Amino acid sequence: MRSLSSIHPSHFGLVKGAKSVRKVPRFSKTLAYRGFSASKKARGETRFNSLLERDLHTLLEVDPNVASFAVEPHKLTYFLSTPSGGVEKREYTPDVVVSDRRGNISVIDAKASFFRSKSQWREKEPVIRQAYEQDHGVKFQVLTERQIRAQPRLGNCQIILIHSRGPIDVSLDLQLREILGASGPVSISELQNLVGRGESGDLRGRVFSAVMALVARGVAHIELGVPLSMASVISEILTP
């Protein structure tokens, strides 16, 4: 009979002020990079230990289906069969735990293809997936650089974050919301024409940044599968 896994802290650690439970040595041969990402969706610390993890945070921050996420917020205790027929107790800390707009929880590991192909991880991955999905009812995903760094999606998300980090242009924000609420799909260029009315040339940049801010806040939806431009179309307004 399979031993059931356990999670600590409860609720997958997806709580306000969540802190990383992973202890990373100050000097580590496997540490690719260390830093903190800026995020409004994160429930607490946003530490990343590789640039691939940082890029994953960027995708989550822009994804309109993601309500919040927490970084390394819990430990999964699971059991791995040994070659001798015994069972060994193991611990696993996920890179990110995500809650979507419907309250569904998923666990994501950002892992370079090189490391995912190693036998040590290939042995553990299906056991960890089984523990999350069967014992705790949450989806477990392993994303490599092929998914996380797919272009133009990642580049678009980076652009959106750059333009959305400044103060909100309240007047323009309200104008755009009114126009989008009354119209069907409309391009950013068309939005500029609708709010322009002969204003100065800096309106193009202001409208683009304001639209990116709407997208980053999950109010507007824009296609991320093609490079962003003034011709990009906002297809709908999403429920906050």
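Residues numbered from 1 in each chain as written. Predicted model: local features only at pLDDT ≥ 70, side-chain atom pairs only at ≥ 80, totals over all residues. Heavy atoms only, no water.

### Topic: the overall build of the protein
We count it as follows: Counting from the N terminus, the helices are the DSSP runs of H or I reaching at least four residues and the strands are the DSSP runs of E reaching at least two. Per-residue accessibility, obtained with a 1.4 Å probe over protein chains only, is compared with the maximum for each type, and a residue is labelled buried under 20%, exposed over 50%, and partly exposed between these values. Any two residues having at least one pair of non-hydrogen atoms within 4.5 Å are treated as being in contact. Accessible surface is estimated by sampling points in the Shrake-Rupley manner with a 1.4 Å probe; for residues, cover comes only from the protein chains shown. Positive charges come from Lys and Arg alone, negative charges from Asp and Glu alone, with His and the N- and C-terminal ends not counted. One atom stands in for each charge, and that atom is NZ of Lys, CZ of Arg, CG of Asp or CD of Glu.
A count of helical and extended segments in the protein gives eight helices and 12 strands. C-alpha atoms of the protein, sized along the principal axes, occupy 80 × 35 × 30 Å. Residues counted as buried form 44% of the 240 residues belonging to the protein. Restricting to contacts in the protein with at least 6 residues of sequence separation, those with at least 24 account for 63%. In the form shown here, the protein has an accessible surface area of approximately 13,200 Å², with 53% of it arising from carbon and sulfur atoms. Counting 34 positive and 24 negative side-chain charges, the protein places the averaged centre of each group 6 Å from the other.

### Here's the deal with the pattern of salt bridges
Under the convention used in this document: By definition, a salt bridge exists where a carboxyl oxygen of Asp or Glu is found within 4 Å of a side-chain nitrogen of Lys or Arg.
Within the structure shown, the criterion is met by 13 salt bridges. The closest approach of N and O atoms between Glu125 and Arg129, which form a salt bridge, is 3.1 Å. You can see Glu125 and its partner Arg129 sitting in helix H3 (residues 119–135), four residues apart, about one turn around the helix. With a relative accessible area of 7%, Glu125 lands in the buried category. Using a relative accessible area of 24% as the deciding quantity, one classes Arg129 as partly exposed. Each of Arg22, Arg47, Glu72 and Asp95 takes part in one network of salt bridges that share partners.

### Concerning the packing of helix H7 (residues 188–196) against helix H8 (residues 203–216)
The test is simple: Orientation is described by lines fitted to C-alpha atoms, with helices fitted over the stretch in contact, and by angles between N-to-C directions that extend from 0 to 180 degrees. In what follows, roughly perpendicular refers to angles from 65 to 115 degrees, roughly parallel to angles under 35, roughly antiparallel to angles over 145, and oblique to any angle outside these ranges. Throughout, a crossing is termed right-handed when the near helix is turned clockwise from the far one, and left-handed when it is turned anticlockwise from it by less than a right angle. Residues are sorted three ways: Asp, Glu, Lys and Arg are charged, Ala, Val, Leu, Ile, Met, Phe, Trp, Tyr, Cys and Pro are nonpolar, and all the rest, Gly among them, are polar.
In the contact formed by H7 and H8, the axes pass within 10 Å of each other and the chain directions differ by 120 degrees. What the angle tells us is that H7 and H8 run oblique. Crossing handedness for the pair H7 and H8: right-handed. Contacts between H7 and H8 involve Ile188, Leu191, Gln192, Val195 and Gly196 from the first element and Leu203, Arg204, Val207, Phe208, Val211 and Met212 from the second. When grouped by side-chain class, the residues that make up the contact of H7 with H8 number eight nonpolar, two polar and one charged.

### Quick look at the nonpolar core
Which entries qualify depends on this criterion: By nonpolar core we mean a set of buried residues, namely Ala, Val, Leu, Ile, Met, Phe, Trp, Tyr and Cys, connected to one another through side-chain atoms within 4.5 Å.
Counting residues in hydrophobic clusters, the biggest one holds 43 residues, and the most contacted among them are Leu191 and Val211. With nine residues, the single largest contributor to this core is H8. Beyond its immediate sequence surroundings of up to four residues, Leu191 is in contact with Leu176, Ile179, Leu180, Val186, Val207, Val211 and Ile234. Within the second largest apolar cluster, 18 residues are counted, among which are Leu76, Val97, Val107 and Phe140.

### Thoughts on the side chain of Asp63
Looking at the secondary structure, you find Asp63 in the loop between helix H1 (51–62) and strand E4 (66–71). No salt bridge is formed by the buried Asp63, whose closest oppositely charged neighbour, Arg153, lies at an N-O distance of 4.3 Å.

### Thoughts on the sheet that holds strand E8 (residues 105–110)
Put simply, the test is: For two strands to be treated as a pair, DSSP must find no fewer than two bridges joining them.
Read across the open sheet, the four strands follow the order E4-E7-E8-E9; overall the sheet is mixed. Strand pairing shows two members of the sheet lacking a second neighbour, E4 and strand E9 (139–143), which therefore form its edges. Across the sheet, the axes of successive neighbouring strands diverge by a mean angle of 25 degrees, strand direction being ignored. With five bridges connecting them, E4 and strand E7 (residues 96–100) associate as antiparallel partners. Its bridge partner lying in E7, Val71 is registered against Val96. In the packing of H3 onto the sheet, the strands contacted are E8 and E9, and the crossing angle to E9 comes to about 150 degrees.

### Re the packing of aromatic side chains
What counts, and what does not: Only Phe, Tyr and Trp rings take part, Trp by its six-membered ring, and two of them pair if their centres are within 6.5 Å. Stacked means planes under 30 degrees apart, edge-to-face means over 60, and tilted covers everything else. Counted as over-ring charges are cases with an Arg CZ or a Lys NZ within 6 Å of the ring centre that also lie within 35 degrees of the ring normal.
All told, the structure shown has five aromatic pairs when counted by the stated rule. Ring plane angle 85 degrees and centroid distance 6.0 Å describe the contact between Tyr92 and Phe140, whose orientation is recorded as edge-to-face. Of this pair, Tyr92 sits in strand E6 (residues 87–92) while Phe140 sits in strand E9, placing them 48 residues apart in sequence. Here Tyr92 and Phe140 have matching classes, each one buried. Each member of the aromatic cluster is reached from another via a ring pair, and the members are Tyr92, Trp121, Tyr132 and Phe140. When the ring centre of Trp121 is taken as reference, the NZ or CZ atom of Lys111 above it lies at 4.3 Å.

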